[in-house]
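These are the residues of each chain, in order.
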Amino acid sequence: GVCGTVAADMACTNIGLSILPMAFHQSIKATLPVVTIAVEFLIKGRVQSANIVMVVVGICMGPIVLSMDKEWTSKDSSELRYGVLVMIAAVFSGALKYVLAHSLIKTYKNDMGILGFTFWMEVFSVLILLPWSIANGEFEMLFLSPRDAQQWLFIVGISVFGGVRIISQLLFLSQTSATTL
């Protein structure tokens, strides 16, 4: 459920980031709030007010409008199409992640707490992503490529930042709705 959507969101976002120009990637990812409203409506039947929908659509349009003057072409148009499809999958899995996580947090908040929920969600996400990382050589490259202390500090810092980010998102999600995030 939610761990699969976390893993799919993370994997698809990273693949899209490696293929697409940054502005294009961010334009697609910016649609996440609108898709979250749609997914929450389809799964929970929750209807947002017209005011909220207008504000969310307006916020989503910002990155798209700002990136309209950027170059969207690639040497390989099939690679660009693949990147777009992967990012669409990332957006839908991200929206589903927020809706499912909100439901689970509301159900188990008192039993597990946010830190416990985050810990087990991350453990299962690693179990899903680790075989893929090993199969495509990323795991081996991470540990066998020579790195100095500064590079390791950067890798660990980014990892810690990702953990702080997901904990803050889940804490916020425990107090609000999936659309609010």
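As the structure is a computational prediction, the values presented were derived from the model and not from experiment.

Examining the state of the cysteines
- Under the criterion given, the structure shown has 0 disulfides.
- Cysteine C12 shares no disulfide, and the gap to the nearest cysteine sulfur, in C3, comes to 16 Å.
- Note on C12: relative accessible area 18%, which makes it buried.

As for a nonpolar patch on the surface
- Nonpolar side chains collect at one region of the surface, where L104, Y108, M112, F119, W120, F124 and L127 lie side by side and expose about 680 Å² of accessible area between them.
- Structurally, L127 is set in helix α5 (residues 77–135).

Focus: helix α3 (residues 32–44)
- In this model, α3 (13 residues) spans 17 Å end to end at C-alpha, consistent with the 18 Å of a helix rising 1.5 Å per residue.
- Turning to α3, its buried residues number three or more, namely L32, V35, T36, I37, V39 and E40.
- Just downstream of α3, G45 is the residue with a positive phi angle, here 75°.

Considerations on α5
- Look at α5: only 26 Å from first C-alpha to last across 59 residues, short of the 87 Å you get at 1.5 Å a residue.
- K109 marks the point of greatest bend in α5, at about 120°.
- Backbone geometry just after α5 places G137 at a positive phi near 90°.

Points about the packing of helix α2 (residues 22–29) against α5
- With their axes 9 Å apart at the nearest point, α2 and α5 run at an angle of 35° to one another. Between α2 and α5 lies a crossing of right-handed hand. Contact with α2, carried on its side by F24, H25, I28 and K29, involves L80, V84, M87, I88, A90 and V91 of α5 and no other residues of that element.
- Split into classes, the residues belonging to the contact of α2 with α5 amount to 8 nonpolar, 1 polar and 1 charged.

Digging into the pattern of salt bridges
- Tallying each qualifying case throughout the model produces 3 salt bridges.
- Linking D9 and K29 is a salt bridge whose minimum nitrogen-to-oxygen distance equals 2.8 Å. Of the two residues, D9 is situated in helix α1 (residues 2–19) and K29 in helix α2; the sequence distance between them amounts to 20 residues. Each of the two residues, D9 as well as K29, counts as buried.
- The salt bridge partner of D9 is K97, with a shortest N-O separation of 2.8 Å. Of the two residues, D9 sits in helix α1 while K97 sits in helix α5, which places them 88 residues apart along the sequence. For the pair D9 and K97, a shared accessibility class is recorded, and that class is buried.
- Members of the salt-bridge network, linked through shared partners, are D9, K29 and K97.

Re the nonpolar core
- Core analysis: the biggest nonpolar cluster contains 27 residues, and L20, F117, M121 and L170 have the highest contact counts within it.
- No other element matches α5, which puts 13 residues into this core.
- With residues near it in sequence (within four places) discarded, L20 still touches H25, I28, L80, G83, V84 and M87.

Observations concerning the side chain of K29
- Polar contacts involving the side chain of K29 include one to the side chain of T13, which spans 3.0 Å.
- In this view, K29 contacts D9, T13, M87, A90 and V91; residues no more than four positions away in its chain are not counted.

Notes on the packing of α1 against α2
- At a closest axis distance of 9 Å, the pairing of α1 and α2 adopts a crossing angle of 150°. Taken together, the axes of α1 and α2 are roughly antiparallel relative to one another. Where α1 abuts α2, its residues D9, T13, G16 and L17 lie against M22, H25 and K29.
- Per-class residue counts for the contact of α1 with α2 are 2 nonpolar, 3 polar and 2 charged.

Rules used in this analysis
Residues numbered from 1 in each chain as written. Predicted model: local features only at pLDDT ≥ 70, side-chain atom pairs only at ≥ 80, totals over all residues. Heavy atoms only, no water. Disulfide = S-S within 2.5 Å. Buried < 20%, exposed > 50% of the residue type's maximum accessible area, 1.4 Å probe, protein only. Patch = residues over 30% accessible without salt bridge, like charges linked within 9 Å, V, L, I, M, F, W, Y side chains within 5 Å. Areas by Shrake-Rupley, 256 points an atom, 1.4 Å probe, with all protein chains shown as cover. Salt bridge = Lys/Arg side-chain N within 4 Å of Asp/Glu carboxyl O. Helix = DSSP H or I, 4+ residues; strand = E, 2+ residues; numbered from the N terminus. Expected span 1.5 Å × (residues − 1). Bend = angle between axes of the 7 residues up to and from the residue. Axes fitted to C-alpha atoms, helices over the stretch in contact; angles between N-to-C directions. Left-handed = near helix turned anticlockwise from the far one by under 90°. Contact = heavy atoms within 4.5 Å. Nonpolar A, V, L, I, M, F, W, Y, C, P; charged D, E, K, R; others polar. Core = buried A, V, L, I, M, F, W, Y, C linked by side-chain atoms within 4.5 Å. Polar contact = N/O pair within 3.5 Å; in protein donor to acceptor, adjacent residues only side chain to side chain. Parallel < 35°, antiparallel > 145°, perpendicular 65-115°, else oblique.

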